[in-house]
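Summary of structural features
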Amino acid sequence: MNQPYDLVRARPEPEFEISVDGAPVPVIPGQTIGAALHGAGIRSWRTTRIGARPRGLFCGIGVCFDCLVTVNGSPSLRACLTEARPGDRVSTGARAGQVGPGGRAGDGDGTDGGKTVNGR
Amino acid sequence: MKPLYDLAVIGAGPAGVAGALTASFAGLDVVLIDAAPRPGGQYFRHLPQGFNAQAPGALHHGLDGFTRQWETLRARADVLLGHKVWAVERAEGTVTVRCLEGDREERPRTVTARGLLIATGAHDRPLPFPGWDLPGVLTAGGAQALLKGNLVVAGRKVVVAGTGPFLLPVAAGLAEAGADVRGVYEANGRLGLARHPLLAAGKAGEALGYGASLARHRVPYRGRHAVIAAHGEGALTHVTVARLDSAWRPVSTRTVECDTLAYGYGFVPQLELPVQLGCATRADADGSPVVTVDGGLRTSVPGVYAAGESTGVGGAVLAEVEGRIAGRSAAADLGRRVPPLPRLSRRRDRLAAFAKALLEAYPVRPGWQGWLRDDTLVCRCEEVPLSAVREAQDLGAIDARSVKLLARPGMGWCQGRMCGYAVACLAGEDPAAPRRPIAQPIRLGDLAAPTRSPLEG
Amino acid sequence: MPDVVVIGAGVVGAACAYYAARAGLDVVVVDRGPVAGGTTGAGEGNVLVSDKEPGPELDLALLSNGLWRELAELDGFEFEAKGGLVVAETGEVLEALTGLAGKQGVEHTVVPSGGLGDYEPHLAGGFAGGVFYPQDAQVQPMLAAATLIRRGADRFGRGTLMLRTGVTVAGFLRDGDRIGGVTTDHGDILAGAVVNAAGTWGGEVAAMAGVHVPVLPRRGFILVTEPFDEPLIRHKVYTAAYVTNVASDSEGLETSAVVEGTPSGPVLIGASRERVGFDRTVSVPVLERLARQAVELFPALADRRAIRAYCGFRPYCPDHLPVIGEDPRAPGLHHACGHEGAGIGLAPATGHLIAQTLAGHRPDLDLTPFRPDRFEERR
């Protein structure tokens, strides 16, 4: 859908990729991780800790904390505020609200095999 | 960067930028701080450079004027973008602003200044209803942020609902950007304001423009209608739209297929920073707490000013006027010569009266509480259903705070920003000014470390 | 006419009401706010025996500990018999700690340095050892207070235990020299006796009856982290410094982190102590110190976020003991306040002892150390 690009006469720079639980997602430089996922049709990327309810973007501006993700091992980042960088490894599901032992920071490569992204 | 500024301004929206620029022109050393990587706040949210947008103004009313102010300000003042403020303190005439720099690294930084202008804006005010936590249900502002800040259209088949004039630009923007907008459902009367003489204040043209855009895209705009339930397995597939009576009780319902709902019932001013400083607050026309200010936008705390939505939700034009007045007051209070400008104050009075009329024309009616079922989540973070709120009340919770203590709504990640209004309504009171000593989550490691000023590397 | 009016619907008032109703008395609880809206709503829910020096407070804590375990059967307030682990930075401190544990005569296990990881896998290295106290426990204090009142009403008849929130006591009714009820902004309540369980505001209530009970506020901040899906911390964990701070007379700021997980997910980092009156202004340096001490205990916390902080006012008396018992200067007025930071833990014993005196029975503990007029001679 290029209509919004036409609207503002955008000439976007080439896309780069991030990986979301191992799957590639394209990003225009400057987009947030949350926008890139939502734009790619991925509507939820976390489940709640009590009812295991799927969650993605809700407020979109950093106040609701529904869109938390782990990026390159760094947990509990708001996807709607975090600008994507080439090569980012985003892991979803329980990791976003889970503690890793001290030494595990930096190994967040989406190894939580049981969790899937509820994309369309 | 300087060890001590004359004025720190928090918020790079229309109020903050106008305030910073005005204060700078009046001779103050100014620093402007904002959490976002680009200026504009919510209303003038900017696209990233990466889009090379040749016509960014297509997404905003009045962007050119804002951009001119921003460019001028950048040349005259220090600007700290990407700095989230988590606490402010004031001692012996100096304000200390504690920030976290960067969207993921979050380096602690401190900025000190003699005065502080708070222009932190507002966020959407969602009401809970069955299914409101399904993926695909967004706030209206969230849908707007996706488009204005990322050129992402929130969905293919979109329903827009809630109350207030903000629904119109959101729906029009989505339709222009290619979404199939299935309808705009305004819970109050659609023409609630048209009869108001203050509509002549200059908003009529803008509203007509959105109306024309919706008509062009054949988007139905219905008054006295609301989305009272969202449905889907794991993601939104359809919503229940109800025709409402004057108290917002459903009269009849039907189903509308959609993959996205963008909705909002007004706005919540962000008050954690003024409350941290002990600024007095008052209840606005809609019952929301806002910062109490005098005619010069001075708060009850010396050297602290507030402008824009934090003094009462009123939109970008009023915010800019308030920013200018606050900037002048800050300069005058620090001994700069600032000639009086009564025209500006009269303009503010006019716009504020219009804002008040808007709040009164688009209230939240109590009937929404009847849309909830026992198992409807009131608090998304702690997953507190309505039944738990009622149990807490049965146990002796007589106000929103004790409901929170017993049943946990507002105890989670968002700290009641999403559910606070609803919980207050359910407890039968106006929402209280939020007491949040930590305005942004901060890593314990960062809180434990000695903080550095932006002067240091 | 009720037998007893309890002023204060915090955890201590709730326990007094519960035990009085259980003893067959008709009870009305009044509070100017909601249930658990004062210090109870700003606590951590500590039920500790480990931090008490041998003496009357430890006796009270041990009695209370057993009663909490009985009350836990009522369910609904997250009672967790998790145990407390006190860690020592140096061998010297460990020796002192072990010595204290011996004198306390409470259940404990001395844990050598190498054994600490079995208790707390995420604990920092380098501690000389510690002492584990299996009796230390935790409750959700607000739910505990509300549940005691509710279950007291349910079990012993609703007319017998009645809660009236939003009712402010304005003064006392007298029957000759005797206190015979209260006047409130919602009318008078005649009663056979009145219990002052007003916590930090207990001194003000006593003053209305013309008696001096020196209860003063000591401010405490608590930091709350983001919720955890899996518990990082299994027990209440704190350094030996906490034990010395609890009884400290210092005017200035003291912090010694007590770190623990909660059933709801967040980790609580508690226990700054300051004497600054009823000032709620946030103190960033206090939050920084709490964070530093928590990260020193559990380095894995460094990467997790604090999302909230709150403060409360712990009611303390000059000798750091609560005031429990009938006031000989105002017969019919019973005090149950001034529990400082230990009110949650000490509530059931306090309620039980007050109910015994109200019913005219001999209390299970000697109340002399807690008597309300003990400050007269020092004035």
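Residues numbered from 1 in each chain as written. Chains lettered and ligands numbered in written order. Predicted model: local features only at pLDDT ≥ 70, side-chain atom pairs only at ≥ 80, totals over all residues. Heavy atoms only, no water.

The name recorded for chain C in an unreviewed UniProt entry is FAD-dependent oxidoreductase, from Streptosporangium minutum.

The name an unreviewed UniProt entry gives chain B is FAD/NAD(P)-binding domain-containing protein, with Streptosporangium minutum as the organism.

Glancing now at the overall build of chain B. Within chain B, the secondary structure is distributed over 12 helices and 22 strands. The C-alpha radius of gyration of chain B comes to 22 Å, within 12% of the 23 Å expected for a compact globule of 457 residues. When the backbone C-alpha atoms are referred to their principal axes, chain B occupies close to 60 × 50 × 40 Å. Counting only residues that meet the buried cut, chain B has 62% of its 457 residues in that class. When contacts within chain B are restricted to residue pairs at least 6 apart in sequence, those whose partners lie at least 24 apart make up 64%. In the structure as shown, chain B presents an accessible area of about 16200 Å², 50% of it carried by carbon and sulfur atoms. (Helix = DSSP H or I, 4+ residues; strand = E, 2+ residues; numbered from the N terminus. Rg over C-alpha atoms; globule rule 2.2 N^0.38 Å. Buried < 20%, exposed > 50% of the residue type's maximum accessible area, 1.4 Å probe, protein only. Contact = heavy atoms within 4.5 Å. Areas by Shrake-Rupley, 256 points an atom, 1.4 Å probe, with all protein chains shown as cover.)

All names here are of chain B. Take D124: it is sitting in strand β7 (residues 122–124). Buried charge without a partner: D124 forms no salt bridge, and the closest opposite charge is R45, 8.7 Å away. Engagement of the side chain of D124 in a polar contact is seen with the side chain of T139, the distance being 3.4 Å. Within the local environment of D124, its side chain forms a polar contact with the backbone nitrogen of G141, the two atoms lying 3.1 Å apart. Sequence-distant contacts of D124, that is, excluding residues within four places in its chain, are made with T139, A140, G141, G142, F166, Y263, G264, G266, F267, V268 and M418. (Lys, Arg positive; Asp, Glu negative; His and termini not counted. Salt bridge = Lys/Arg side-chain N within 4 Å of Asp/Glu carboxyl O. Polar contact = N/O pair within 3.5 Å; in protein donor to acceptor, adjacent residues only side chain to side chain.)

A separate point is the packing of aromatic side chains. Taken as a whole, this structure holds 18 aromatic pairs over all chains when the rule is applied. Look at Y119 of chain C and F132 of chain C: their rings are 4.7 Å apart centre to centre, the planes differ by 40°, and that puts the pair in the tilted class. Linking Y119 of chain C in helix α4 (residues 116–119) with F132 of chain C in strand β6 (residues 129–133), this pair joins segments that are 13 residues apart in sequence. By way of ring pairs, the aromatic residues F58 of chain A together with F129, W132, W248, Y263, Y265 and W371 of chain B are connected into one cluster. It is R125 of chain B that lies over the ring of Y421 of chain B; its NZ or CZ is 4.2 Å from the centre. A cation over an aromatic ring shows up here: R32 of chain C above the ring of W201 of chain C, its NZ or CZ 5.2 Å from the ring centre. (Phe/Tyr/Trp six-rings, centres within 6.5 Å; stacked < 30°, edge-to-face > 60°. Lys NZ or Arg CZ within 6 Å of the ring centre and 35° of its normal.)

A separate point is the sheet that holds strand β12 (residues 193–196) of chain C. Note: strands within a sheet are paired through backbone hydrogen bonds, in either parallel or antiparallel orientation. Residues and elements named next belong to chain C. The sheet built from six strands is open, its strands ordered β8-β2-β1-β12-β19-β18 with mixed pairing. Only two strands of the sheet have a single partner each, and these edge strands are β8 (161–165) and β18 (323–326). The average angle at which neighbouring strand axes cross in this sheet is 20°, direction not considered. Bridge count between strand β1 (residues 4–7) and β12: four bridges; the pairing is parallel. Directly across from I7, in β12, lies its bridge partner N196. (Pairing = 2+ DSSP bridges. Axes fitted to C-alpha atoms, helices over the stretch in contact; angles between N-to-C directions.)

Turning to helix α8 (residues 284–297) of chain C, a few remarks are in order. For α8 of chain C, built from 14 residues, the straight-helix expectation of 20 Å at 1.5 Å per residue is met to within 8% by its first-to-last C-alpha distance of 20 Å. Taken as a whole, α8 of chain C has its buried residues at V284, V286, L287, E288, L290, A291, A294, V295 and L297 of chain C. (Expected span 1.5 Å × (residues − 1).)

A few words now on the pattern of salt bridges. Considering all chains together, one arrives at 54 salt bridges over all chains under this definition. The residue R55 of chain A makes a salt bridge to D133 of chain B at a minimum N-O spacing of 2.9 Å. Within this pair, whereas R55 of chain A is found in strand β4 (residues 54–55), its partner D133 of chain B is found in the loop between β7 and β8 (137–139), the two belonging to separate chains. In terms of burial, R55 of chain A and D133 of chain B fall into one category: buried. We note a salt bridge from R436 of chain B to E272 of chain B, for which the minimum N-O separation is 2.6 Å. Separated by 164 residues along the polypeptide, R436 of chain B in the loop between α11 (420–426) and β22 (442–443) and E272 of chain B in helix α6 (residues 272–277) bring together distant segments of the chain. Residues R436 of chain B and E272 of chain B agree in their burial class; the two are buried. Sharing partners across several salt bridges, the network here consists of R46, R53, R55 and D66 of chain A together with D133, R380 and E383 of chain B.

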